[in-house]
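A look at the structure
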Amino acid sequence: MSRYSSPARNSISTGTPRRSFSESLIEQSIEAATVLINKWNPETSTYAKVTSLFYESKSEAMQFIRCVNDLQKSMHALVTENSTSEKLVHAQNLMQIAMKRLQKEFYQILSMNRAHLDPESVSARSSRASARSSISDFDDGGSVSHDDEVRNVGDSIDEVEEVSSIAMTDLRSIAECMISSGYAKECISIYKIIRKSIIDEGIYRLGVEKISSSQINKMDWEVLDRRIKDWLEAVKVSMATLFNGERILCDHVFASSDSIRESCFTEISKEGATLLFGFPELVAKSKKSHPEKIFRVLDMYTAISTNWIEIDSIFSFESTVTVRAQALNSLNKLSDTVRSMLSEFESTMQKDSSKSKIHGGGGVHTLTLTTMNYLSLLADYSNILADIFADWPPPPRSSLPESYFESPSTDDSPAPAISMRMAWLIVVLLCKLDGKVEHHKDVCLSYIFLANNLNHVVSKVQTSNLKYLLGEDWIAKHEEKMKLFAANYERLAWGPVIATLPENPTATITPAQAKEIFRKFNSSFDETCRKQSSFVVSDPKLRDEMKVSLARKIVPSYREFYDAHRSNVVGERNVGLIVRFAPEDVGNYLSDLFFGNNNNSGSTSVSSSYSSSHQRHSWSRG
């Protein structure tokens, strides 16, 4: 009988101890929780009211968290076994006390560690490994003071990082405990209030505040320009530290719940980020006009586009799509503004009167100076402009002659849209310059004017990023055209002077013929020098090239003729009037050209600058 009754007795005997063991564990858990939780109950203990659990004893704080987690498990077991148990009521009361304690600890850690949990400190944690590596790479042979300095800096950084890391770990422990215990709402509420204030304060301190379009339109440009510069700095700081650090902290503290992470970060950052990325749209849409506006608009476009990867990563949640949308919308508005302003710039050039007279002895025109300064500065934004004009239709050739539109492209590699746009704007400029000389009577001055202005255009291209947009072929073609203008000037202005000298300067001729040639040369050279004395060539290199070219064509031939035939007229009366220039004199006069020295003293202006003693000195060599 004992053999058959054993199974039944065994069943009863094994079941009772198991229930007792389970109840024993629950009781032990509740008893342990009761002691520790009541110890830190601020309602019953003055010590607990004024002391921080996590700052007083980290080991006890961790024990407190474990007790709460065990209590939570015990409560689940009690609900399963007996939902009306007095132990369950007691456990629930303990849980409420514990949650209030943790809620207080959570708030204290967040508020007391604002300096160590600022976004800059938090965001720096991700790059500490590389920073340590760079410190360790210092030369071991450095001075002691230098090593000590590096070590002290490293210790300081490590200390700040350690405090930040401990605080983040504590916050995460508390958050996970409260969330698993069903008190997520209380935890999240504290976190959102404190951390949102940090983001909002950070945005404000960076100079970004809510502003309307009407306020922007009423601002002086200097004020708006300062705000834009503040915004540019704000984007740099906020993406590197403010929002980046907040996202890192939020992801760490609420790692146990994706939905809570998203909810917290969105509510904390959405308002500030939308305000930040909404400012460029307001500037783009404003009616404020200023020559520098396009460059500030490009700066803002650059700031958003270069930070787009970070923007997309930090605000990757579905609930922060409005932040990404605002940044994209600002980019689009900025693009539209740049295209519109370039179109307006082109229109302004087109409207410039083509009948305007040439001023300043044929120097560089104001339109050329302003246009090329503008385009060379724009070329610094070539990569950004390439994006903006990538899908923009090429400029129309309109009614401009085909010869003007020399595209910086080849059959093998079509030019980018921005290169075409820049080439087109220069075409418009050159056409307007051509128009300015069409009705000018002095053809020589017209060629000087064209040479000067085209030289300035080419020089600006060569010394700016325009050279990469337009290419070497473009530069070579326009340099050739500029040299052609200079050659045409030389031919028309100085051809008559050159023509007065015989093809063979040393050929035998009569004294009368020599006298006549000297007379014609004197008259032509004197008149041409007088007429050209008001002309200016702005660029020193071009000026020297033109003077050297003239000297090579005139001085050697005249010197040969002078040396061969001056003796034929030595016996003539008034010989100083017959041979008025020594070869050195001719060279000196040519070297004085193109400085814009206007002299209206008459046909004797050139020769009168030489004294009779100088003439005697010249003739004494004959």
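Below is a short write-up of the structure. (Residues numbered from 1 in each chain as written. Predicted model: local features only at pLDDT ≥ 70, side-chain atom pairs only at ≥ 80, totals over all residues. Heavy atoms only, no water.)

Scanning the protein chain from N- to C-terminus turns up 25 helices and zero strands. When burial is assessed residue by residue, the protein chain has 46% of its 622 residues classed as buried. When contacts within the protein chain are restricted to residue pairs at least 6 apart in sequence, those whose partners lie at least 24 apart make up 82%. Put simply, the protein chain shows about 31800 Å² of open surface, and 52% of that area lies on carbon and sulfur atoms. (Helix = DSSP H or I, 4+ residues; strand = E, 2+ residues; numbered from the N terminus. Buried < 20%, exposed > 50% of the residue type's maximum accessible area, 1.4 Å probe, protein only. Contact = heavy atoms within 4.5 Å. Areas by Shrake-Rupley, 256 points an atom, 1.4 Å probe, with all protein chains shown as cover.)

Counted as a void, the largest pocket has a volume near 460 Å³. H290, M341, E344, F345 and Y374 are the residues nearest the centre of the largest pocket, which is lined by 23 residues in total. Mapped onto the lining of the largest pocket, the elements with two or more residues apiece are helix 13 (293-306), helix 15 (321-351) and helix 16 (366-378). Ranked by the residues each element gives to the lining of the largest pocket, the list is headed by helix 15, at seven residues. Here the residues of the lining of the largest pocket sort into nine nonpolar, nine polar and five charged. (1 Å grid on protein atoms, 1.4 Å probe; cavity = no way out; pocket = protein on both sides within 12 Å on 5 of 7 lines; lining within 4 Å. Points joined across faces, edges and corners; volume = space filled by probe spheres on them. Nonpolar A, V, L, I, M, F, W, Y, C, P; charged D, E, K, R; others polar.)

On to the packing of helix 19 (residues 443-462) against helix 20 (residues 466-499). In contact at an axis separation of 8 Å, helix 19 and helix 20 are set at 160° when each is read in the N-to-C sense. Here helix 19 is positioned roughly antiparallel relative to helix 20, judged by the angle of their axes. As for how helix 19 packs across helix 20, the hand of that crossing is left-handed. Residues of the contact of helix 19 with helix 20, tallied by class, amount to 20 nonpolar, four polar and four charged. (Axes fitted to C-alpha atoms, helices over the stretch in contact; angles between N-to-C directions. Parallel < 35°, antiparallel > 145°, perpendicular 65-115°, else oblique. Left-handed = near helix turned anticlockwise from the far one by under 90°.)

It is worth spelling out the nonpolar core at this point. F106, F254 and W494 are the most contacted members of the largest nonpolar core, which has 169 residues in total. The biggest single contributor to this core is helix 11 (residues 221-253), with 13 residues. Residue-level mapping places this core at the junction of two domains, with at least three residues from each of domain 1 (352-404 + 416-473) and domain 2 (501-592). What F254 contacts, discounting residues up to four positions off in sequence, is F106, A175, I179, C187, I188, Y191, I260, R261 and C264. (Core = buried A, V, L, I, M, F, W, Y, C linked by side-chain atoms within 4.5 Å. Domains from an automatic or database assignment.)

Right, let's get into the packing of helix 18 (residues 417-437) against helix 19. Closest axis-to-axis distance for the helix 18/helix 19 pair is 9 Å, and the angle between their directions is 165°. Classed by the angle they form, the pair helix 18 and helix 19 counts as roughly antiparallel. In terms of crossing hand, the pair formed by helix 18 and helix 19 is right-handed. Counted together, I426, L429, L430, L433, D434, K436 and V437 of helix 18 and S446, F449, L450, N453, L454, V457 and V461 of helix 19 form the full contact between these two elements. Tallied by class, residues from the contact of helix 18 with helix 19 come to ten nonpolar, two polar and two charged.

Turning our eyes to something else, we now look at unusual backbone geometry. You will see that F594, though not glycine, has its phi angle at about 70°, which is positive. Residue position: F594 is located in the loop between helix 24 (583-591) and helix 25 (612-620).

Our focus in this paragraph is the environment of N504. Note on placement: N504 falls in the loop between helix 20 and helix 21 (511-532). Taking the relative accessible area as the measure of exposure, N504 reaches 43% and is therefore partly exposed. Each C-alpha atom, one on N504 and one on S557, is 8.5 Å from the other, the two residues being 53 residues apart in sequence.

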